[in-house]
Amino acid sequence: MALNLQYEDIGKGFVQQYYGIFDDPANRANVVNFYSATESFMTFEGHQIQGAPKILEKVQSLSFQKITRVITTVDSQPTFDGGVLINVLGRLQCDDDPPHAFSQVFVLKANAGTFFVAHDIFRLNIHNSA
């Protein structure tokens, strides 16, 4: 499979669609549709999860309702198997908590003319300032 030359558009479009669903409390559970039942991995704040059912459990266990997100940058690269690597930097605020910087990395894997999230790593960028 060759490099996907639309990787920039795919990355930006994916990020817009993913966060549009994730950030809407009524729709949040639908992010599970981006993941494979068995071939997706998520690392959320150091906790590793495999498969869409377990990822959905994690998403539904999050205690916040309202999320406000500002995306600073979306950087994308093609992968040699036709997928896309996406790195997102931004800031988010959950409910009435103070805003925090975050980073999230996605690897989209090509699958029959569409993509699924094969890898997802999320981390708040909180530094110990002792």
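Read on for an overview of the structure. Because the structure is predicted, anything quoted here is derived from the model rather than measured. (Residues numbered from 1 in each chain as written. Predicted model: local features only at pLDDT ≥ 70, side-chain atom pairs only at ≥ 80, totals over all residues. Heavy atoms only, no water.)

### Points about the overall build of the protein
Note the threshold: Note on conventions: DSSP H or I runs of at least 4 residues are helices, E runs of at least 2 residues are strands, and numbering of each starts at the N terminus. Each radius of gyration is computed over the set of C-alpha atoms, and the globule rule expresses the reference value as 2.2 Å times the number of residues to the power 0.38. Remark: exposure states derive from per-residue accessible area (1.4 Å probe, protein chains only) relative to the maximum for the residue type, with buried under 20%, exposed over 50%, and partly exposed in between. Here, residues are in contact when the closest pair of their heavy atoms is within 4.5 Å.
The helix and strand inventory of the protein stands at two helices and six strands. Going from the N terminus to the C terminus, the protein shows its helices and strands as α-β-β-α-β-β-β-β. For 130 residues, the compact-globule formula gives about 14 Å, and the C-alpha radius of gyration of the protein, at 15 Å, lands near that figure. Considering only C-alpha atoms, the protein reaches an extent of 45 × 30 × 30 Å along its principal axes. Counting the 130 residues in the protein, one finds 38% classified as buried. Considering only intrachain contacts with a sequence separation of at least 6, the fraction spanning at least 24 residues in the protein is 48%.

### Looking at a nonpolar patch on the surface
Filter applied, for reference: Within the patch definition used here, like charges are joined within 9 Å and nonpolar side chains (Val, Leu, Ile, Met, Phe, Trp, Tyr) within 5 Å, considering only residues with over 30% relative accessible area and no salt bridge. Each accessible area is a Shrake-Rupley result for a 1.4 Å probe, and residues are judged covered by the shown protein chains and nothing else. Think of a salt bridge as a Lys or Arg side-chain nitrogen and an Asp or Glu carboxyl oxygen that are within 4 Å of each other.
Taken together, the side chains of Leu3, Leu5 and Phe80 define a hydrophobic patch exposed on the protein surface, amounting to about 390 Å² of accessible area. Along the chain, Phe80 falls in the loop between β3 (67–78) and β4 (84–94). Judged by relative accessible area, Phe80 falls into the exposed class, the value being 73%.

### Description of the pattern of salt bridges
Going through the model one piece at a time under the given rule, you end up with three salt bridges. Between Glu45 and Arg123 there is a salt bridge, with the nearest N and O atoms lying 3.9 Å from each other. On the criterion of sequence distance, the pair formed by Glu45 in the loop between β1 (41–44) and β2 (47–50) and Arg123 in strand β6 (residues 114–124) is long-range, its members being 78 residues apart. A residue is classified by how much of its surface remains accessible, and Glu45, at 32% relative accessible area, is partly exposed.

In short, shape yes, function no, at least from these values alone.
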